[in-house]
Structure formats: structure tokens, C-alpha cells
Number of protein chains: 4
Amino acid sequence: MIRVAIAGGAGYTAGELIRLLVNHSAVELKYIQSGSHDGEPIYSVHTDLIYSDLKFSNIDFEDIDVLFICMGHGNSAKFLEENPVPASVKIIDLSNDFRLKADAGEFIYGAPELNREQIKGCRCVANPGCFATSINLALIPLAAAGILPEDVTVTGITGSTGAGQKPTQDTHFSNRNANLSNYKVFTHQHLGEIGETVVAAGGSEATDIAFVPVRGCHARGIMSDVVVRLEEDLDKIIDIFKSYYASHPFVCVSDKPVYMKQVVNTNYCFLSLQKEGRKLLITSVVDNLLKGASGQAVQNMNLMFGLDEMEGLRLKASYF
Amino acid sequence: MIRVAIAGGAGYTAGELIRLLVNHSAVELKYIQSGSHDGEPIYSVHTDLIYSDLKFSNIDFEDIDVLFICMGHGNSAKFLEENPVPASVKIIDLSNDFRLKADAGEFIYGAPELNREQIKGCRCVANPGCFATSINLALIPLAAAGILPEDVTVTGITGSTGAGQKPTQDTHFSNRNANLSNYKVFTHQHLGEIGETVVAAGGSEATDIAFVPVRGCHARGIMSDVVVRLEEDLDKIIDIFKSYYASHPFVCVSDKPVYMKQVVNTNYCFLSLQKEGRKLLITSVVDNLLKGASGQAVQNMNLMFGLDEMEGLRLKASYF
Amino acid sequence: MIRVAIAGGAGYTAGELIRLLVNHSAVELKYIQSGSHDGEPIYSVHTDLIYSDLKFSNIDFEDIDVLFICMGHGNSAKFLEENPVPASVKIIDLSNDFRLKADAGEFIYGAPELNREQIKGCRCVANPGCFATSINLALIPLAAAGILPEDVTVTGITGSTGAGQKPTQDTHFSNRNANLSNYKVFTHQHLGEIGETVVAAGGSEATDIAFVPVRGCHARGIMSDVVVRLEEDLDKIIDIFKSYYASHPFVCVSDKPVYMKQVVNTNYCFLSLQKEGRKLLITSVVDNLLKGASGQAVQNMNLMFGLDEMEGLRLKASYF
Amino acid sequence: MIRVAIAGGAGYTAGELIRLLVNHSAVELKYIQSGSHDGEPIYSVHTDLIYSDLKFSNIDFEDIDVLFICMGHGNSAKFLEENPVPASVKIIDLSNDFRLKADAGEFIYGAPELNREQIKGCRCVANPGCFATSINLALIPLAAAGILPEDVTVTGITGSTGAGQKPTQDTHFSNRNANLSNYKVFTHQHLGEIGETVVAAGGSEATDIAFVPVRGCHARGIMSDVVVRLEEDLDKIIDIFKSYYASHPFVCVSDKPVYMKQVVNTNYCFLSLQKEGRKLLITSVVDNLLKGASGQAVQNMNLMFGLDEMEGLRLKASYF
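About the cut-offs
Residues numbered from 1 in each chain as written. Chains lettered and ligands numbered in written order. Predicted model: local features only at pLDDT ≥ 70, side-chain atom pairs only at ≥ 80, totals over all residues. Helix = DSSP H or I, 4+ residues; strand = E, 2+ residues; numbered from the N terminus. Rg over C-alpha atoms; globule rule 2.2 N^0.38 Å. Contact = placed C-beta atoms within 7 Å. Least-squares fit on C-alpha atoms with pLDDT ≥ 70 in both. Axes fitted to C-alpha atoms, helices over the stretch in contact; angles between N-to-C directions. Parallel < 35°, antiparallel > 145°, perpendicular 65-115°, else oblique. Nonpolar A, V, L, I, M, F, W, Y, C, P; charged D, E, K, R; others polar. Buried ≥ 20, exposed ≤ 12 C-beta atoms within 10 Å, placed from the backbone. pLDDT = per-residue confidence, 0-100. Domains from an automatic or database assignment.

With that settled, consider the overall build of chain A. Per the secondary structure count, chain A includes nine helices and 13 strands. The C-alpha radius of gyration of chain A comes to 19 Å, within 12% of the 20 Å expected for a compact globule of 320 residues. Expressed along its principal axes, the backbone C-alpha trace of chain A runs to roughly 60 × 45 × 35 Å. For chain A, the share of sequence-separated contacts (at least 6 apart) that also reach a separation of at least 24 residues comes to 71%.

With that settled, consider the relation of the copies chain C and chain D. Under the fitted operation, chain C is carried onto chain D by 0.0 Å of movement along the axis and a turn of 180°, and the coordinates agree to an RMSD of 0.0 Å. Each copy turns onto its partner about a two-fold axis. Nearest to the rotation axis, the C-alpha of F173(C) is located 2.2 Å from it, this being the minimum over chain C. Interface residue correspondence from chain C to chain D reaches 100%, placing this contact among same-surface, isologous pairings.

The next subject is the packing of helix α5 (residues 130–144) of chain D against helix α9 (residues 290–304) of chain D. Residues and elements named next belong to chain D. Following both chains from N to C, one finds α5 and α9 inclined at 100°, their axes separated by 8 Å at the closest point. One finds that α5 runs roughly perpendicular with respect to α9. On α9, the residues touching C130, T133 and S134 of α5 are K291, G292, A293 and Q296. When its residues are assigned to classes, the contact of α5 with α9 shows two nonpolar, four polar and one charged.

Before going further, it helps to examine the relation of the copies chain A and chain D. Rotating chain A by 180° and translating it 0.0 Å along the rotation axis places it on chain D, where the RMSD comes to 0.0 Å. A shared interface surface links the copies, since 100% of the contact residues of chain A are contact residues in chain D too.

With respect to the helices and strands, the residue P257(A) is situated in the loop between β11 (251–253) and β12 (269–276). P257(A) sits in the partly exposed class, given 15 other C-beta atoms within 10 Å. Look past the residues within four positions of P257(A) in its chain and what remains in contact with it is S272(A), Q274(A), T283(A), S181(D) and N182(D).

What follows concerns the interface of chain C and chain D. Contact residues are listed per partner, giving 13 residues for chain C and 13 residues for chain D. Here the residues of the side of chain C that touches chain D sort into four nonpolar, eight polar and one charged.

A few words now on the confidence of the model for chain A. Interpretation of this model should avoid reading the predicted coordinates in detail wherever pLDDT is low. Scored by pLDDT, chain A comes out at a mean of 98, with 100% of its residues at no less than 70. The ipTM, which scores confidence in the relative placement of chains, is 0.97 for this predicted complex, and the corresponding pTM is 0.98.

Let's shift gears to the interface of chain A and chain D. Counting residues at the interface gives 33 residues for chain A, matched by 33 residues for chain D. Breaking the side of chain A that touches chain D down by element, the ones donating at least two residues are β7 (151–158), β8 (181–182), β9 (208–215), β10 (222–229), β12 and β13 (279–286) of chain A. Among the residues forming the side of chain A that touches chain D, the class breakdown is 16 nonpolar, eleven polar and six charged.

A common way to state how big an interface is: give the accessible area lost once the parts meet. All names here are of chain A. Taken as a whole, chain A is organised into domain 1 (2–127 + 292–304) and domain 2 (130–286). For domain 1 and domain 2, the distance between their C-alpha centres works out to 25 Å. At the level of secondary structure, the elements contributing two or more residues to the side of domain 1 that touches domain 2 comprise α4 (112–121) and α9 (294–304). Residues that form the side of domain 1 that touches domain 2 fall into these classes: six nonpolar, six polar and three charged.

What follows deals with unusual backbone geometry. Not every positive phi belongs to a glycine, and K184(A) is a case in point at roughly 45°. Here K184(A) shows up in the loop between β8 and α7 (191–201). Positive phi values are uncommon outside glycine, yet A178(D) reaches one of about 55°.

Structure representation (C-alpha cells):
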């Protein structure tokens, strides 16, 4: 059994990670750390887990095989400085502290559809961002095929869980419900990792992504609509996508237009492609907390420990 | 023109009051006071009013005819202590500070369907609570007819705006959306004014109301389902209701079961009645911010100043 | 492996059953029948299952161990008349055709928390209704303890999936969203099975349940608020509940008030109890499609075939 | 008083039109025609109007000054063929039958911000589409200034009321709630009138609009995000917009990013602009049923009859 610890155990992504790992056949959940809830039962925070005996506690790093860090951005690096982790312990970090090349050190960018082989052999993984995952999976095949145009326009619509658990005016139900708004227009922090992914996949440094993130009136899920103008036939482009993802079990290229709830509460990314003249739409849907965060983290753990990539991730879609 | 000031102008009920009064033919909106926003344009808070030139400012009490107080519960009494209001200025308070007989002083309980004549002649009105309005209007005719049973069971489902604008875990979209929960079970603070209303209408002091308030996953509107067991025929009961409300323009007794969105964004209360054996259901729907707060406050102002009761309150329902 | 067939495979409950059974370790999903979709891949209807090769087809009854019937009410009896099922095949019917004693024949009412031992040995199970499950689990312990009062008042709020997949004005998003309404007031068809359950558990034939079903503005989940007036201490009542459900893994008695999303996308029922004077509130939350339908059907299958009762039902809650 | 008739009185846009006109000071609502509801009270369909005595009836065309046609696309032309309307009666048609130059005949395209003077003098108006209104108002100033680039990318997110009142799988609450999907990608029927508007405003015939319409999980409102790449400074572009709309009371150019609920249940269009490098985002929000349909129709009526353009359209925003 893989002995697991979670640092920063009270947030949304930690909650999802716990929900996944309590049913993972190869995992023993040893420590769930939370500064603000030490000693409390985990169901005091993750209230569906009322049937679990797990408690928040400090981590004995000698007694674990892998550490998930689910802290706010900026806090992971600090946590690792203050808590020296033995070299025998693998690390999967869900923040953006180690995603960019300039920050990565020994961390591998944990996109299995880009870096699967590297992830298998590595000690430390920087788990990608939610929007980044959604958009990367729409761009990688075009970049790899050398046909991604420079001008890319993306509208990504996300749910309220993307904003974390701290209540704010932006996540106040009275404001968010039946509403739509944009934020961080053209400047979202995931643009860095998207740009590096495009280049890593074979695309151009000059790729210019106009990304408009939208706050949707739903709780979980992202739909990204990527529009580019290019000449290639739709059939050829679909072949490129299907071929690229043939060996990747969590990415499905659909013959029909996809919609968001197909993948909510699963680790899947569904993609569909539509074309009219030069205009190509690639639609990518993921659950921001699973394929966009904790599910992908488990997928990375599976790869790092030589397990079936889908272990613990065969999840019933909510669907409704 | 009636010169109006609003104290506590930054909250939800003040926002609704401003939206109503900017279009009220007999009102001049002179002062909108807010401690935290003094000097700012009102659209900095009430962002739909971008086309308005109004600014938050202090109130010159010599220059107004009526003061609306839209402060948090407990703060109205304090505000009036600190700000002596000339006797020539009428007061409509939207908090619960003056609703109960023990606290009322010269304040009249501002339920027009119970106290219309008293409201017309008075200087100070305590505007009823939102749940109280919804439930009172379902109980008053039975109490007045002397047939309200002692055991009354009420489920009242309310929107997130009932909880005010401060963001909390209970109003966090991620928690509230697609969810239901109860709160203040059997102990909601409106039970006091409901009990006094029942007695004022002719009911018994022994009336025992089991009130379960429910947080619904919507932003505005209350549906209260009132269940009692009594012997009278449904036709007779419907007659009692229709007769009671014949002269009250904002209460409609529907022949078909009512639903909440019929009244959202209006000042109406719709009622319907259904019976099976001894079991009677009275359903009452209101908009918590309008008939349940700011709309009823304007209705009271209209009565106090001898205007048409409906002036400024002929509102287009959202409906969808 | 248990060889499974599903009749009526295109509806909501069939979809949920398929989603559960594709991941059930002891099941081989052999046949999914649908008159209107014969020969099509199941993902043409259940569109999340794009990665599955299953197709709709006719059933070879000689080649299965258990048949789930997911047809509309009234159609199960007809289906069984037209399709003689070998005596070796067990049957789990999700309609209301066989739930009442008068209709049951050899069918056992499939409430494991009432009839677990009988279900283990039987051939045919009538799977309970969704509202019935939610309300039964709130009433059974009181009935069994002999302290259920005659007058019971229930408000049950359900999601749109309870109304099935046929689009109607009642399930039109424009009408349902941000709305609340009652339906089948005091006359809901589940009252029959609830009444028989109360008696079977030890309660009185005279129990009079005032049941107000409410259409909520959410897709999945039921919250039932059951109000009775009785003298016993809350502590004693909680003991009765905890004791009754101690051996039942899918029912949790919570020390804190429960809310609906704790159980959405799971097979759990969570219960909480609150009391003030004589007034007792029992709150019961279930997922109407899982514990209220397909999940409970799998639970029954597990019992009938001697499997772990929770097999295939350790589901990740959606939670958000 | 302007004597008004509505043909096709049972649909969503007719309902909104009635809600507006019952409170319009210069209008007498004489006839509301509906083939399927003749003789019924209008509140049997538009159920909030329970306090109205209006009934569905046939139209006496000699007794009216203006006819609104609220029929499905294709049916307006047919209705006018079968019902010869006297030359003295003005016509405002809400379908797309007469919007394009090729179909228009004597109909003027009823976009007051493009054609106000022509509308004032005309007999027949073709009221613009909802998406078209939203997108046109974002493009007209750039086209008029001669700086609209050829490649325009638009994501427009609309509510369920845009799909009309007929229940379908796409508007089924179980499917629509908490979901997002695209439809009519790059081929939406409003592209024709948008293209003609761009040219009429001064833009190029070669303008290539990549329009991705998105089904949002809300009932009313459209947010359109228009992305272009151009060199001009943001300040200059904002000046162009503010200058263009200075005389148009229902279009506000906001200094802060706009969001959809600011305009829901009003006749306003709010616009905001953001720029980063060459990338410009214009965000346009409208209520699809008001500025996008019935509200704009009343605005056109006001212009055609020489009334204040805002008469009957000073509406309280729902806001929540």
C-alpha cells in the first residue's frame, strides 16, 4: 500500500483528493494535515465523509511514500522549506509554485498527455492548473502537428469552485447565480504554463493567446472554447486529435459536440471539433477539481508508482 | 414631492428601495447615507444604476419628509438615538428593532393588510420581516375568522438575498447551489412578530407554530407552505380569504396553485389553498426584498402620505 | 460474475444503473434493452459513457442472472407478461407496479433497512420510490419504537430528475430555475408505500401523513422535513435512531443538521433530528436517483446475491 | 392613447410585451390574439398577470394604431398575407422574417442606435434579434470609426428563454442546469443581420465573424464577449464608444467590467472594453427578452409615435 499524506487538508482540492483516495485500492491515507483544524475529524470540514474515522493530524514524513500539497499558491514552496521531506518521499504539488520552467527545479509538469514517460520516473510533480489543463488539451495536438496558428482566441467558462472556499462577493450566491462576468481578461496566471506547454508540444514561442476567463453560474466544471483560423480540412484535424490521444485513457475526442456535464465529477477531458470555412472551434470540457486538480494528481501518483493510470479514477459521472 | 432620505444605503434592501424610488412619481430622493461609502456615486455599490448621478452623502434631517432606515438589526435604535430626527419627519424602519409590542414605542407594525388605517395616520412604521410577511398573510384570515387551529406547521423556503450581502459559507455559491438546508429550526426571530400578528388579527395566544426555515438554491423569493388540520370546507375557507383580501391590491388569492416566480420582482403576495380531508395547505409566495422588505416599505410610505397605495409599485415581474 | 440485463435502458434510472454497474466488480453487463434505441451504442443516450462499447440490444433471458426493469410505472407488469422470465433469473423492478401489498405477489418491498433478511432470500424485489425512501427512513425508527404520533407533516423537496427525462413545462429550465412550487399536494402516489412501511415497522394504521411535495430548482437530491409533536426527550429519540441504523451502512444519523449535497451522487441517506418543546424535526436527505432508485437497486442486488452490501456503491460525492 | 394589438400573444416575447404595456402611460392594450388560447384570460398563460382582466381575442384591425407580431420565425409573413392590415396601422414584427435587406420590403431594421431617424418616420419595423442586438452594439462604433478588423471572434452566452417556451431536451432543467454547451457554431441565423449592420454602420463586407453561441445555465440575459486584434489605444477606443452612444439612453459604456445581471429585466445594454497589447475585448450585456426583443420593440414604438424613447421602459432591474 502506498502511504499518503496531504498537506493543507481543509481546502476544496484536498477534499476531493480525500474523496478519491478513501476508495483507492492501493492507498493508505495516513496523514491529513491542516493548520486550522488539527485534531478535528475530517468530516468537520468535508462533511459528506461522516462515515470516516480520519482525523486531521501532523505528518510523520518518515512514515509516508508520497506527499500531496494542497496549499494556496505561494505556500507550497514555503511549506517545503519549513518541512524537509526525505528523498524517499515523492511529492505532488497542486499549486502553481513549481509549474513554470523558471520555478520548477526537479519538478516535472504533471500533464500526463504531454509528459507521461517523464512523470513515471520522477520524484516531484507540479500538477497543472485547471484552465491550463482544459486549454492545453485543446492545443497540444495542433502544436505537435505544427499547424497551430499564432492567433488563438479562447473563452473559458468556469464554476465557482475554481475560486476556492473563501467566501467573497464574486462567489456570493446572490451575485453569482444567474449571472455571467469576465475576470483577469488576457492576463490569467495560467497563460504562462499554457504558453510553455504549447512550446513543449512543438508550437511557436510567438503563439498569442487571447484568453477571456468567464465566471459561470455553476459550481464545478470548465468549458473552454478555442477558436483559430486555419486551412486544414476538419477530417484531417480530427485525425490528428484522435491519433494523438489514442493511448491516453482520460481524453476522448467526440464525434458530437461535447457539453460540460458529460465530464463533471470524473477525471475525463472530452474534446470536440467543428469547422466552417477557415474557422475552427475546439471545445474542451473538464471537471476543474478532478482532471483540473485532484483527479489529475491521483493520475500522476498512479504513473509515478507504476499503477494502472485509471486506478481509483473510474468515477460515476454526476451527469445531472 | 416627498423628500426622502435613506440611512444605511449600501445594503440589499436600500438598493431595492433606491431602484423603486428613482421611478416613483411623487418622490425626490435627497440623501442616501452610508458610513462606508460616503461621497461615492451610488452605482459604485448598486452597479445597475450606472445612469444615475446620485451620491452617498450625509442626511440633512431638516430637508426631508421621510426617513427610511435600512440598517442591520439592532442598529436602527442606535441610529435614532445618535441622530435626533425632527418630529416633522416620518420614519419607516426596515429592521426588527421596533416590530414587537415591547419595543414599539410610537411605531406601528407596518403590515397594510392588518393595520392599514393605523399606518395612514402614523408617524413611525416598523416594516415587517420577510418570512413574517409571507406567513402572516397566510394566517391572518383564519385568525380573523376564529378558525385557526393551535397546531400550525410551516416550511418556508427562502433565497440567498435573505441572508444579506456579507459573504459567508452559507451564501457561498459552491455550497448553496443545487443544495437545500434548514436553519434556525423552530426558533427563527420572526416567530415573535408572527405570533403577535395572529393575536392582533383575532387568533389565540396559544397558537403553536412549528416553523422550519429552509435555505433554497435561488436568490430572491420566499414560498411558505402552511399546513393545518381543520374541519371547515375548502370553499368556505377560500371565501374567507377572498373576502378578507378583497380591498388589498397586493394580495391575490389564486384559484390555481401558486408558484414563487409569479411574484418575484413585484410587490405582490399570491396565495393558494388546497385541502384533502382535514389537511389544509396554504401556500404564500412573496419577493423577500419587495413585499418582504423595500416594496412594502414604499407601500407604507404611500399610505402614510395619502398616495395611491400602488404608486411606484407597478413592477414588471421577472417571471423567468 | 453476475450476468445482468436492464429492460428500459434509455431512461434516467437505467442510465444511473449502467454508470454504477460498469464499475461493479462482480457484474457483467450483458444486455441493455431499449425499444426506441435498439442497436445504438449506449453513449448515444447516456452521453458520458463515450468510452464504453456497450450497445442497446434485446435480452437473452437464458443468459442472465438478474433483470433490472427501469420502465415507466405500469409498464413493468406488462413487460413481465409479455416476456416470461425463467425462474432462475432474479428480478429487481424500479417501478411502483409491485410495491404495494395488493400488487406484490412474490415481490418483496426492497427497503434494506426494513426488510434486509427477506431481501437476501428472495427472487423478486420491488425497489422503493424516491420520496418513499427518504420519508420511510425518517419514520421507521419512531414507528418501530411505538412513538410515532398520528399526525405527521412532511415537506419533501425534490429535483427535476425526479420528473423523468420527458421535457415538460414543469421541467422547462425557464420555468423551473430560481422557482419553487408544490404538486400532488396530500395525494402523492408514494403515500401508499409509506403508509404500509409505517405499519410494517410497527406503527399505526391511523397514521395521517400530510405530505407536501415541492419542486426545487436543482436537478438531483431530495430533502424531506418531517415534523411531529411528541413528548420524548431528543436524546432518547436520537438513541432510538442510532440504535436502529447501527447495522445499516448507508444510513448515517448526524449530530449536526444535515443538508442535501452531502449525499448527492452517493447511495447514502443522512438524517438529523432537532427538537424544541414538543416539536420534533427529522431531516432526511437522499439522492433520488441513487438511494432513491438505482443505487438502492444495486444494494438490493448485492443482498440478493450474498455480496458485500456496499459493493459498487462506494461513490465519490459530487459535494459541489 | 395608442391602441395596441399583439398577434401571437401566448409566447415569451408576447408575455414580456404585455408586462411592459400594461404599465405604459400612453398605451391602451386592445387585443391580444392567440390561436390556441382564444377567449381565455391572459393570466391562464402569463400567470403573474392574475390581477388583469385582459382576455385573448381576435384583432379588429380598424380599431388599432399599432400591431406587434410575436410569432415564430416564418409565421409573420404568413400572418400578414392572411390578415391585410390597414395602411393606417403601424407594424412592429419581432421575428426574423423582415430583418434582412432581401426580405425587408418597407420594413426598417429596428435598431434605434443605428437607425433612429428612419424608425421615427416609418410604418413598419423589423425588430432585431437578441444575439444580434448584443453583438451589433459592440461592433457598430468600431465599424462607424472605420477600425473594425476583418477577423472578429465572438462568444455569446444566452439563457434558456432564448430558446422559447416549447420544452425540449436542450431546455430540460436536468440537462441545462449546471451545464454549458455550444450550438449553431459559426452558423447562427443572426449572423446575417449582424453582417448587414456592420456594413450599414460603415464596416467592411469582408468582416468575418467567428460566432460561438453558448447555452448558459440561466434563464434570461446574454453576455457577448467580442475579441478583435487592433492597434488603437484603449482610451481612443473608449472615446469612440462613449461618443457614439452619448445620445442613446439605453446604451451605457461602463468604466468597470460589466456583468450580465446589471441589465437583467431592463432595456439597457451595458458595454465595457479591456485591452492588452493588440487584443481588445468588448463585453456587451443585454436582457434577451427586453433590449433583445420586447423592450426594444416598445422603444421602437415610442420612436414611431413621437414619444419619449424611454416611456414605459424605466424598469427596476432584478439585479439578484
